[in-house]
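# Observations on the three-dimensional arrangement
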Amino acid sequence: MIPGGYAGKWLDIDLTNNKIEDITFPYETLEQFFGGRGMATKILWDRVADKWTDMDGLDPENPLIFATGPMTGIYPGARICVSGKSPVSNGVVGSTAATEFAVEIKNTGYDGIIFTGKSPEPVYLLVTDDGPELVDAKHLWGLDGETTLIKLNKEVKETLTKRHPNVGLWKAPGSMYLGPAGENMVRNACVMTKICHAAGYGGYGSVMGSKNIKAVVAKSRNMFPKVDAPEAAKLLWRKAHAELIKVSDFRRWGTGHLGFGAGAGTSSEPVRNWQEEWHNETAIGVNRYMDRFWVKTKWADFNCTTNCMKVSCIKTGPYKGDITDVPDYELQAYCGTNLGIFDPESNVHISTLMDKLGHSGINGPNTLGYAAELYQRGILTEEDIGFKLEWGDVEAFDKLAHMMAYREGIGDILAEGTYRAAFKIAEMKGMKPEELLKYAIHVKGIEIGAHGTRSDKDYTHDISYAASVQGGDHTSTAVDGYNDMSGAVFYDCGVFCTFTARGPSQALIFDFAKAITGFPITLHSWRSVTGPRIVTLQKALLLMSNMWEPIKDDDNPARFYEPLPSGPYKGKTTDRELVDMKLQAYFDTLGWDERGIPKKETLDRLDLGDVDQYMVKYRL
Amino acid sequence: MWPEASRVRVFMPFPGVEVPHLCAQCQDYPCIEACPVDALSSDPDTGAVIVDREKCISCGACIKACPGSVPYLHPGDNKATICDLCGGEPKCVEVCTEAGYNALTIVNEGPSIHRKLYSRDPVETAKDLAVKMFGEKGEEVIE
C-alpha cells in the first residue's frame, strides 16, 4: 500500500553499467523516515554504512540522491532535497532547493532518484511520462549555468513536441543542473536550478560532477499523487495560503532588507570574513536594489503565496546582462559585505557570477573571503594569487571565482572549500594548520550561513551551528529561532520551504502532513520520535566519517568567540559557558551521551538497533 | 492537484518570465471554424469556446487553427481543452480574491477584433517580455 502524497516509486540508476530500475520502499520505511532528508539518510545508511569511513564523497560508489517528500508541491512552496555523503562535511546534508523540478519528477511517478557509479561520458537524465532516459550531454558540458538552462529548455521542448506533436504546446521542463564549478568538482559547489536557485550546502554539485551528470530534467502532464484525506487537505491548503498572504515583509522585500538590517540592526552580518558583523552602510539598503535593478517585484515558486523572490537585472555598464534574484540576504552578505562590497551593482554582479559558475552563493564566496583575509594578513601574497586581493575589489573577486571554478592556480586549492584549503595552505606555507584554521568560518567543514551568534540578536545563537549535524547550514540550525530542530528537519523531509512554514502554525503544518499521508503524525510524534530518529542517524554517519572529534569539533569557529569589534553590540561575543551547557542539554534531549554519541537505549527506542554496533567504538 | 489540466496555463520559458496563456475569444473563432466534427461552439452569454467532449476526435485541428495555439489535449481524456470561463463565474477570479491578491476581476466587454491580438504563442510573448525586463540581454535568454 502506498501512503497518500507519495508517487510510490524511486528511480535507481547505476551510471557505470547504464542500468535504470524502479524500486519501492515499504510503508513502514516511509512512515519512519518520511521523505527528503530522512529518506536520503536511510538510503545512505542501508547502502553504504559499511563503506562510509573510507568512501570519499566524490567516489563513484557514493549515492547521489534527489528526493521529494509527501508534501512536495501540495503544501505551499515546493522544493527538492539533494543528498549523499557530503564531500564537505563527510556526513549527510539534506540540501534543498526551490524548483518546479520537484513537482515534475513527482508527477512522472517518482518520489526520488538514486544515482550510483559514474557515467563514462557527460549525460543528463530526462524523465517524462514516457519513462526515464540518459541523454548525451557532451554539447552542454563546459557551459555556464545560464546557458545550460537556456539550451536545455529548448532541447527538451523540441524532443517532447516531436514525440507528442498533437497535444498542444509544451511548457518548459523542470531542471537541476551544474555550472563549471560542479563539473570541475569544486568541493562546495552547488546543484543549480531556475538560474539563481541552488541546493547549496553539502557540495552536491561536485558529487554530480564526479558522476558526469550535467543535469537532471523532468516534465510530466500527470496529476499529483492522491492524498489520504482530500477534503481536509483542501481546507488546510486554503488556511495555509490565508496565513502566507500576511507575510508582508517577504512579499515586499524577500530577504533583501537584511543586507542593511542584519548589519545595522542586529550586528549579525558577515563583514570582511566575519572580522566585523556590524555596518551602517545605507548603500546596500533594499530600496537601492528595488529602485535600480528589480525588474520584477513578486516572483514565486510553485504553489507559493509568499513571493519572496524578486528579479534583478543590470541593463547598463560593465555588468550589463547580469540577471539574478533579489539578491537574497545570504548573497547580499556573502557576495557583498563579507567581501567588503557594499554597492548593489557589484553585489548583483558577484551573485550572478556565482549562479553562472555554479558556486554555492554562500559557500563559494565564504572561501573567497577567507582567501582575502589571508591576503590582508600577508599569509597569501600577490605572488601566490597572481594579483592583489583587496576588500571590495570586485574585479579581483570575479577573477578568483573563475580560478576556483576552473581549478586554476591558487583556485585549485581554494576549490577544496574553506576547511580543506586551510590545511593545504598551511602545508604550502610551512605553517601549523591551527594558524590558518582560526580564520576559517565553518562548522564540520560546512561554511556558515550569514547569521552570526555573537550579538545574540539574530535567530542563530550559541549552539545553533555547533550542535547541528549539518554544521554551518543556516537553514537547519540545531535549536532556537523559527528554524528549530524539529521544524527544519521536518521541512527538509516534507519537502517544502522554510519560508512557507513561516506564517502557518506548526499545528496546522502537522495536520496538513496527516491529511496528506494518513500517518498518525503530530508535532509531538515528530519532535519525540521521527525527527530525533533522522538526526540521530545523521549524527551516527557524521561520527563514522572519523573526521570530527566529539565535543572539540561540536563547536563554533574561533572567530565566533572574539568580541565584536564595532557597532552597538561592541564587546559582545558568544558565551562559551552557555555553549558547553546547552550542548549537553541538546545531547541529553536527543538521548546521546555526554560526548554526543547516541546511546544504545536511544537507538533501540528509535528503531535504529543496527546502528549500535558502529557506535560502540566511539563511546569511552 | 493537476497543474497540466488547468485551463489557465502559465508558461515560463526562462525563470522570472511568466506568461499566463488562455483563450482570448477571437471574434471570428478560427478554432470553431477548423473543427472537422463540429465539436466546438461559442457560448452565447460569455463568448467562451465550449468543447463537446463526446464529439471531439482529438485531431488537434483547433490547436493548429488558433493564432496562439491555446487549446491543448487534456492529459486525462485526450480531448481538446479550452477555458470555458466557468460558465461566467470564473474560479480563477474567486481564488485570487480569496487568496488576497485581488489581481483578477471580471470585466464585461463585448466582442472585439482586438481580442485576437491576445491569442499569441506564449513563448513569443515571453520573448517580448524578456526584452522589456532585461533589455538587450532579453533577446538571448529564450531560444
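Residues numbered from 1 in each chain as written. Chains lettered and ligands numbered in written order. Predicted model: local features only at pLDDT ≥ 70, side-chain atom pairs only at ≥ 80, totals over all residues. Heavy atoms only, no water.

### Things to note about the sheet that holds strand β15 (residues 323–324) of chain A
Taken in spatial order, the three strands make up an open sheet running β13-β14-β15 (chain A), and their pairing is antiparallel. Only two strands of the sheet have a single neighbouring strand rather than two, namely β13 (294–299) and β15 of chain A. As judged from the three bridges shared by β13(A) and strand β14 (residues 309–313) of chain A, these two strands associate in the antiparallel manner. The residue bridging Lys296(A) from the neighbouring strand is Val311(A), located in β14(A). The strands touched by helix α4 (residues 122–134) of chain B within the sheet are β13, β14 and β15 of chain A, with β14(A) carrying the most contacts at an inclination of about 75 degrees. (Pairing = 2+ DSSP bridges. Helix = DSSP H or I, 4+ residues; strand = E, 2+ residues; numbered from the N terminus. Contact = heavy atoms within 4.5 Å. Axes fitted to C-alpha atoms, helices over the stretch in contact; angles between N-to-C directions.)

### Looking at unusual backbone geometry
The omega angle of the peptide bond from Val326(A) to Pro327(A) is -15 degrees, so this bond is cis rather than trans. Omega for the bond connecting Gly494(A) with Val495(A) falls within 30 degrees of zero, at -10 degrees, which places this linkage in the cis form. Within the secondary structure, Val495(A) is located in the loop between α19 (485–494) and α20 (506–517). Within the chain, Met185(A) stands out as a residue other than glycine whose phi angle is a positive 55 degrees. Tracing the chain through its elements places Met185(A) in the loop between α5 (180–183) and β10 (191–193). The phi dihedral of Ser58(B) is positive, around 60 degrees, even though this residue is not glycine.

### Some remarks on the nonpolar core
With 72 residues, the main nonpolar core has Phe34(A), Met71(A), Phe490(A) and Phe512(A) as its most contacted residues. Tallying contributions element by element places helix α21 (residues 523–544) of chain A first for this core, with eight residues. Apart from residues no more than four positions distant in its own chain, Phe512(A) is found in contact with Met71(A), Ile74(A), Tyr75(A), Pro76(A), Ala233(A), Leu236(A), Trp237(A) and Ala240(A). Residues Tyr124(A), Trp170(A), Cys313(A) and Val49(B) belong to the second largest nonpolar core, which totals 52 residues. (Core = buried A, V, L, I, M, F, W, Y, C linked by side-chain atoms within 4.5 Å. Buried < 20%, exposed > 50% of the residue type's maximum accessible area, 1.4 Å probe, protein only.)

### Some thoughts on the packing of aromatic side chains
Residues and elements named next belong to chain A. Overall, the coordinates contain 24 aromatic pairs over all chains when judged by the stated rule. Ring centres of Tyr75 and Phe512 lie 5.3 Å apart, and the angle between their planes is 65 degrees; on these two criteria the pair is classed as edge-to-face. With Tyr75 in the loop between β3 (64–67) and β4 (79–83) and Phe512 in helix α20, this residue pair connects regions lying 437 residues apart in the sequence. Looking at Phe512, the relative accessible area reads 0%, which means it is buried. Positioned above the aromatic ring of Trp170, the side-chain terminus of Arg221 is 5.8 Å from the ring centre. For the cation-ring pair, Arg533 lies above Phe33, with the distance from its terminal atom to the ring centre recorded as 6.0 Å. (Phe/Tyr/Trp six-rings, centres within 6.5 Å; stacked < 30°, edge-to-face > 60°. Lys NZ or Arg CZ within 6 Å of the ring centre and 35° of its normal.)

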